[in-house]
Amino acid sequence: MRSNMTSLLGIALLALALSGPAGAFVPIGRGTSSHVSITGAALLQKVTETCRAVAEAAGHEFNPMGSSLQELVRACLGPTATGEVSGAKFHSTVQEILVQNGLLDRDFANSAPHHFNSEAFSEGRGLITEGVVAIKANIRKENFQAARETLGRVLHTLQDFYSHSNWVELGNTDPYINLIRPDLPLDNLAGVDTATCSDCGSGTCPNQILPNILNEKKLTSGYLSISSSTKPSGKCSHGGVADLTSVTRPRGGISKDERRSDNVAVHNAAVNAATAASLQLLEDIRLAAGDNNFLRMMGIARSSVVCFVIDTTGSMSDDINEARAVVYEIIDSKKGTQDEPSEYILVPFNDPSFGPVIRTTDPDEMKAEISKLSADGGGDHPEMSLSGLQLALTSAPSSSYIYVFTDATAKDIALKDTIIALIRTTKSTVSFFMTTASRRRRRSLTAASFNNYKDLALASGGQAIQVSKKQLPEATDIILDTSTSALVTVLQRARNPGKDETFPFMLDESLKNITIYITGTSISFSLTNPAGVSQSHNEASGKLGTIKTVGNLMRVRLNADKQAGTWKINIMTNQPYTLKVTGQSIITFIYDFVESFSGPHPGYAVVSGRPQAGQPATLMLSVIGRRGPSSMTVGDVNLVTVSGPGSGANSTMADMGNGDILVTVDAVPEGEFVVLLKGTDKVSNSEFQRQSTTQMSVSKVTIQAVVDSSVEPGKALKLPFSLMTQGSGGSFSINARNDRSFPMSYPKSLTLKTGQYAHASLTITPPANTTSGTDTTLTIEAKSSNGFDSNYAVLRLSVVTKITDFIQPLCDVVSVLADHCPHDVSQCKPFLWELSANLTDGNGTGIQSISLHQGTGNLTYTPLSDPLIQANYNASCCSQIVEFIAVDKVGNVGKCYHSIVRSGGPPALALSLPLWLRLLITAFAIRL
């Protein structure tokens, strides 16, 4: 399938602009489907079902007020989610899944198991089984990003079964449950010597499957090769120009990738079966994870994650006390509002130790954890600050805000390039609170050492704040500012050295809580609104806002009655400084740099690392408005330098629909740049601008590396990677790191010839005692001998214990007492009914949890440690259906279902989707 197109809601349209052979479920013609539309619609429907269940369990109504993702997220979070609610995190989560879904067409184009080609049914199911085991293990460890990445790949393989096999030609309309149930056999497979297809010289015959294969219900799939025309005698081909086997008799192909006049029925049937199968797999994961963790995996969160990285060496007691006070204030002031953090993460560091990562969604638990911090140790000046920051960047979700407290320089400064790679990959924002301590420590705070923190803050779009320990409480207001929902950046610039310069920026009606930050010393400025009213830096409380100065930070909070339009700030200094303007608004955008690739299923893939130099930059950009993408118009998208003049080159835009835009920039700025977007909000008819925070630059070096499997504890995984440069050849140094300190071996250098790939491999071995579900983030960096060019690849690897228990927990209903329930349901209120059941896991790992999935009654059960668990359920006769779920310790899901609906009673409810959901799902349809 063509999910290599890696935008969100309309990206599959790109297939029409690509030459070459067609991929799977290619959108040809109105109303056809692709991996993007199938996966997106399935995710949307399953999230909606889960949100409804959570809302009903909490006792509030689930009723989205519109058809935008923002309204879905708002309704899902419930009535306590007051304030601005952005769908950006959910949007980004869907994109992460689609990105990995699409990469299979680039990285495993010729792998039969990944696409169920060449009758590789057992191997294909093996990939699905391994992936689902990893997903469930990752979720149990709250490693949601690793779970999402694997989910995208598994869905691609699962969906390809219906496009590439003869499942629907055999008359099947339901999904093949055996693909996600490894305890069930793969029945009636065509033998290797069994002919399956008739010859088709035209390549577009209505049905090539031999009659005896159809009559005997034999399962087969098309053979595909991009390097050889050889295939077993009599076997079907996949078909298409890239499939060399399609010219070998029997010619043609049975793939249902695109809808043609000769295959409309089977194409549509394959789409329907693939969609139902995707929902089936998602439901299995949801039941194993539980509703709340499933929604967390899908990025349905109240607000940002608050992540603290705190130095716990001897001189840090005041800083720890302030960090503790800030956490307490966030918890107490934001509880029950939309700005309540969705998760808290704490990473302490000392010397030589750092970590562990402490993460929780429970504010009281975070209070308890941060209260345990104490300052001790750390004999010399520098500390392991970057090691702690590395753990935070790999543990926190993408686009998080991370706050580092320290009064010392970094002993592990060798990690700086790795940190920048992680910042660029995660798009997280890092701010440093650097305090001065004793006279001994103060000597370590040289300008050069502080600049390391300043460089990292600027690369991420954060702040580098230097204050005395007494001033620290005043400086931490920035944490309260940024730990909010729907935070956006309007403008960010940096100058070294400074000069007299004026910066215009546009404020729109949707923006609230607008704040301007200036970091530096000896700075004067003047702020002017669209009406020409001005306020200078020495007016603490003026006509435009309030100004507060602490250490090297000036914070300007605009008055609530700000005017929409073009503002100006004139800064006068010859010292280095940074400028940042932020606010709260659900008008925002998400983006990725993408590159095209060829092969049997050509398309676009997200760039891992820095984009290539010497060629246009291509971005896939998704715009999010107050009432969906139709409520805004994008006027201009450019790459601009933060530390330079700021002007960007001209760009061309292709509207993909549904707020998705393919942007091509011919001339990429030299040095570090960000994305600047301008447009019009139709709701208020006001112009807006938004800027990305993470700085990026181009490189002539390319690193290719792929992770497609988990690794068992105690076993080595060999990971191939390739390196190429379009610049001068020569020796390139190689450096690899992982955030778990797992042992690794790899070549320390490679010699490159211009334009030619050099191939190598890295071996990583997680210790035997590594907990199943642990993930590790691996960074591979390459740098030229002169140090002028470098690039990186960031990969996520899951450590999963091999399991052999695939048997679902069993339920045996022992008794039902419901005879006294009235036939007339309107008379049901005074009456109760009861059910008793026995639950077992046989010789499996044991039942870990039991939960009520349907029904409003009361469920009790004996201890889970018992070999035979007795469950008892009682409910009003008005609640006539019960279903409870038993999950064992490796994630196998068993169901216990019973209905007391009497024959002749009210008909079962038909499954129908509300209009707003149908409108949302339509956003995934392909429109020409």
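Parameters and conventions
Think of each chain on its own: its residues are numbered from 1, step by step along the sequence as written. Per-residue local features of the predicted model are confined to residues with pLDDT of at least 70, and side-chain atom pairs are confined, for both listing and counting, to 80 or more; whole-chain, interface and lining totals are unaffected and use all residues. The side-chain figures draw on all heavy atoms in the structure; neither hydrogens nor water molecules are used. pLDDT: the predictor's confidence for each residue, scored from 0 to 100. The helix count covers DSSP runs of H or I at least four residues long, the strand count covers runs of E at least two residues long, and both are numbered beginning at the N terminus. Two residues form a contact once any of their heavy atoms are found within 4.5 Å. A cavity, in this analysis, means grid points on a 1 Å lattice covering only the protein atoms where a 1.4 Å probe fits yet has no way out; a pocket is instead an open set bounded by protein on both sides within 12 Å along at least five of seven lines, and a residue lines either one if it has an atom within 4 Å of a point. Grid points are joined across faces, edges and corners, and a volume is the space filled by probe spheres set on the points. In plain words, nonpolar cores are sets of buried Ala, Val, Leu, Ile, Met, Phe, Trp, Tyr and Cys residues tied together by side-chain atoms within 4.5 Å. Buried means the residue's accessible area, taken with a 1.4 Å probe over protein chains only, is under 20% of the maximum for its type, while exposed means over 50%, and partly exposed covers the values in between. Stacked, edge-to-face and tilted are the three classes for Phe, Tyr and Trp ring pairs, Trp counted by its six-membered ring, which pair at centre distances within 6.5 Å; planes under 30 degrees apart are stacked, over 60 edge-to-face, the rest tilted. Two thresholds decide whether a charge sits over a ring: the Lys NZ or Arg CZ must be within 6 Å of the ring centre and within 35 degrees of the ring normal. Any Lys or Arg side-chain nitrogen located within 4 Å of an Asp or Glu carboxyl oxygen qualifies as a salt bridge.

## Description of the confidence of the model for the protein chain
- Within the protein chain, residue pLDDT values average 88, and 90% of them lie at 70 or more.
- Within the protein chain, no element has a lower average pLDDT than helix H14 (residues 439-442), which sits at 44, and none a higher one than strand S27 (residues 744-745), at 98.
- Note that residues 438-445 has pLDDT below 50 and, in this model, 20 contacts with residues that lie over four places away or in other chains.
- The low-confidence segment residues 904-912 (pLDDT under 50) makes 2 contacts with residues lying over four places distant or belonging to another chain.

## Some remarks on empty space enclosed by the protein
- Under the definition given, this model contains 6 cavities of 30 Å³ or more.
- Looking at the largest cavity, it is lined by 19 residues, and the ones nearest its centre are Gly131, Thr150, Arg153, Asp708 and Ser709.
- For the lining of the largest cavity, the elements supplying multiple residues, two or more each, are helix H5 (121-140), helix H6 (144-164) and strand S31 (790-799).
- Residue contributions to the lining of the largest cavity peak at 6 residues, all from H6.

## Some thoughts on the nonpolar core
- Within the largest apolar cluster, 59 residues are counted, with the highest numbers of intra-cluster contacts made by Phe90, Leu151, Phe161, Tyr162, Leu281 and Met298.
- Elements supplying a minimum of two residues to this core: helix H1 (35-58), helix H2 (69-77), helix H3 (88-107), H5, H6, helix H8 (264-289) and helix H9 (291-297).
- Considering each element in turn, this core owes the most residues, 11 residues, to H8.
- Ignoring sequence-local partners within four residues, the contact set of phenylalanine 90 consists of Leu44, Val47, Leu69, Leu72, Val73, Met298, Gly299 and Ile300.
- Of all hydrophobic cores here, the second largest spans 51 residues; its members include Cys307, Ile587, Leu619 and Leu677.

## Digging into the packing of aromatic side chains
- Counted by the stated rule, this structure contains 15 aromatic pairs.
- Through successive ring pairs, a cluster of aromatic residues spans Phe116, Phe121, Phe161, Tyr162, Trp167 and Tyr176.
- Lysine 367 extends its terminal NZ or CZ atom over the ring of tyrosine 328, reaching a point 5.3 Å from the ring centre.
- Residue placement shows lysine 748 over the ring face of tyrosine 746; its charged tip is 4.2 Å from the ring centre.

## Observations regarding the pattern of salt bridges
- Under the criterion given, the structure shown has 35 salt bridges.
- Close ionic contact of aspartate 199 with arginine 249 constitutes a salt bridge, the shortest N to O distance being 2.7 Å. Residue aspartate 199 is found in the loop between H6 and helix H7 (211-215), and its partner arginine 249 is found in the loop between H7 and H8; the two are separated by 50 residues along the sequence.
- For aspartate 199, a relative accessible area of 32% translates into the label partly exposed.
- One salt bridge in this structure joins arginine 296 and glutamate 343, with 3.3 Å as the shortest N-O distance. Of this pair, arginine 296 sits in helix H9 while glutamate 343 is found in strand S2 (residues 343-349), placing the two residues 47 residues apart along the sequence.
- Classification of glutamate 343 as buried rests on a relative accessible area of 4%.
- Here the salt bridges share partners, and the residues they tie into one network are Lys46, Glu49, Glu283, Arg286 and Asp291.

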